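So you can see what is in the structure, the chains are spelled out below.
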Amino acid sequence: MEQQTQQVEVKPVNKAKVKNFIKVMLYLAAITAIEFGIAFTVPHEHKWVRIWVFIALTILKAYYIVAEFMHLGHENKSLKMSIVLPMLFVVFFIFIMIYQGGAILEALY
C-alpha cells in the first residue's frame, strides 16, 4: 500500500485581525484594572456607588466580549436586536424578582 501525504499551505497572518484583537484585549485589561482600582480604593461607606460602577463596567466588558469574540458586532442590526432585547427582558425580570423577594423577606421579619 502506498502512503499518501498531504501538503499543508501556510497562509500569512492577517495583521488587521491581530491588531483588532490586541486593541480589544487592552480595552478589557484597562476596564479590569479600573475595577481593581475601585475595589481597593473606594471606602466601604460608598458601597452602593461601587456596586453600580461594577455593574456598569461589567456590562461594558460583556459588550466588548460579545461584539468582538462572539462576532456579534459585525452582524445586521436585526440579528443584534433579536439577541440583545430578550436578554434585557430577562435582566429586567431578575431585578423585579430580587426587589419583590426583598419586600417579601421584609414582610416576614
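Scroll up for the structure.
Residues numbered from 1 in each chain as written. Predicted model: local features only at pLDDT ≥ 70, side-chain atom pairs only at ≥ 80, totals over all residues. Heavy atoms only, no water.

A. The arrangement of the overall build of the protein in detail. A count of helices and strands for the protein gives 3 helices and 0 strands. For the protein, the α and β elements follow one another from N to C terminus as α-α-α. Since a compact globule built from 109 residues should have a radius of gyration of about 13 Å, the 22 Å found for the protein marks it as more spread out than a globular shape. Overall, the C-alpha framework of the protein stretches about 80 × 35 × 35 Å when taken along its three principal axes. Residues counted as buried form 9% of the 109 residues belonging to the protein. (Helix = DSSP H or I, 4+ residues; strand = E, 2+ residues; numbered from the N terminus. Rg over C-alpha atoms; globule rule 2.2 N^0.38 Å. Buried < 20%, exposed > 50% of the residue type's maximum accessible area, 1.4 Å probe, protein only.)

B. Examining the packing of aromatic side chains more closely. For the structure on display, the rule yields 5 aromatic pairs. On the numbers, 5.6 Å between centres and 65 degrees between planes, the contact of Phe21 with Phe69 is edge-to-face. With Phe21 in helix α1 (residues 15-41) and Phe69 in helix α2 (residues 47-69), this residue pair connects regions lying 48 residues apart in the sequence. The exposure class assigned to Phe21 is partly exposed, which follows from its relative accessible area of 43%. A residue is classified by how much of its surface remains accessible, and Phe69, at 35% relative accessible area, is partly exposed. (Phe/Tyr/Trp six-rings, centres within 6.5 Å; stacked < 30°, edge-to-face > 60°.)

C. Geometry of the packing of α1 against α2. Running from amino to carboxyl end, α1 crosses α2 at an angle of 170 degrees, the nearest separation of the two axes being 10 Å. Put simply, α1 runs roughly antiparallel to α2. The chirality of how α1 crosses α2 is left-handed. For the pair α1 and α2, the contacting residues are Asn20, Phe21, Val24, Tyr27, Leu28, Ile31, Thr32, Ile34, Glu35, Ile38 and Ala39 in the first and Arg50, Val53, Phe54, Leu57, Thr58, Leu60, Lys61, Tyr64, Ile65, Glu68 and Phe69 in the second. Of the residues belonging to the contact of α1 with α2, the class tally is 15 nonpolar, 3 polar and 4 charged. (Axes fitted to C-alpha atoms, helices over the stretch in contact; angles between N-to-C directions. Parallel < 35°, antiparallel > 145°, perpendicular 65-115°, else oblique. Left-handed = near helix turned anticlockwise from the far one by under 90°. Contact = heavy atoms within 4.5 Å. Nonpolar A, V, L, I, M, F, W, Y, C, P; charged D, E, K, R; others polar.)

D. The arrangement of the pattern of salt bridges in detail. Under the criterion given, the structure shown has 1 salt bridge. Residues Lys61 and Glu35 are paired through a salt bridge, measuring 3.1 Å at the closest nitrogen-oxygen approach. With Lys61 in helix α2 and Glu35 in helix α1, this pair connects stretches of sequence that are 26 residues apart. Per residue, the accessibility class of Lys61 equals that of Glu35, and both read buried. (Salt bridge = Lys/Arg side-chain N within 4 Å of Asp/Glu carboxyl O.)

E. Geometry of the layout of surface pockets. In this model, the largest pocket occupies a volume close to 570 Å³. Taken together, 20 residues make up the lining of the largest pocket; nearest its centre are Ile59, Ala62, Tyr63, Val84 and Met87. Secondary structure elements with two or more residues in the lining of the largest pocket: α2 and α3 (77-108). Ranked by residue count, the leading element in the lining of the largest pocket is α2, at 9 residues. Looking at the lining of the largest pocket, its residues break down into 15 nonpolar, 3 polar and 2 charged. (1 Å grid on protein atoms, 1.4 Å probe; cavity = no way out; pocket = protein on both sides within 12 Å on 5 of 7 lines; lining within 4 Å. Points joined across faces, edges and corners; volume = space filled by probe spheres on them.)

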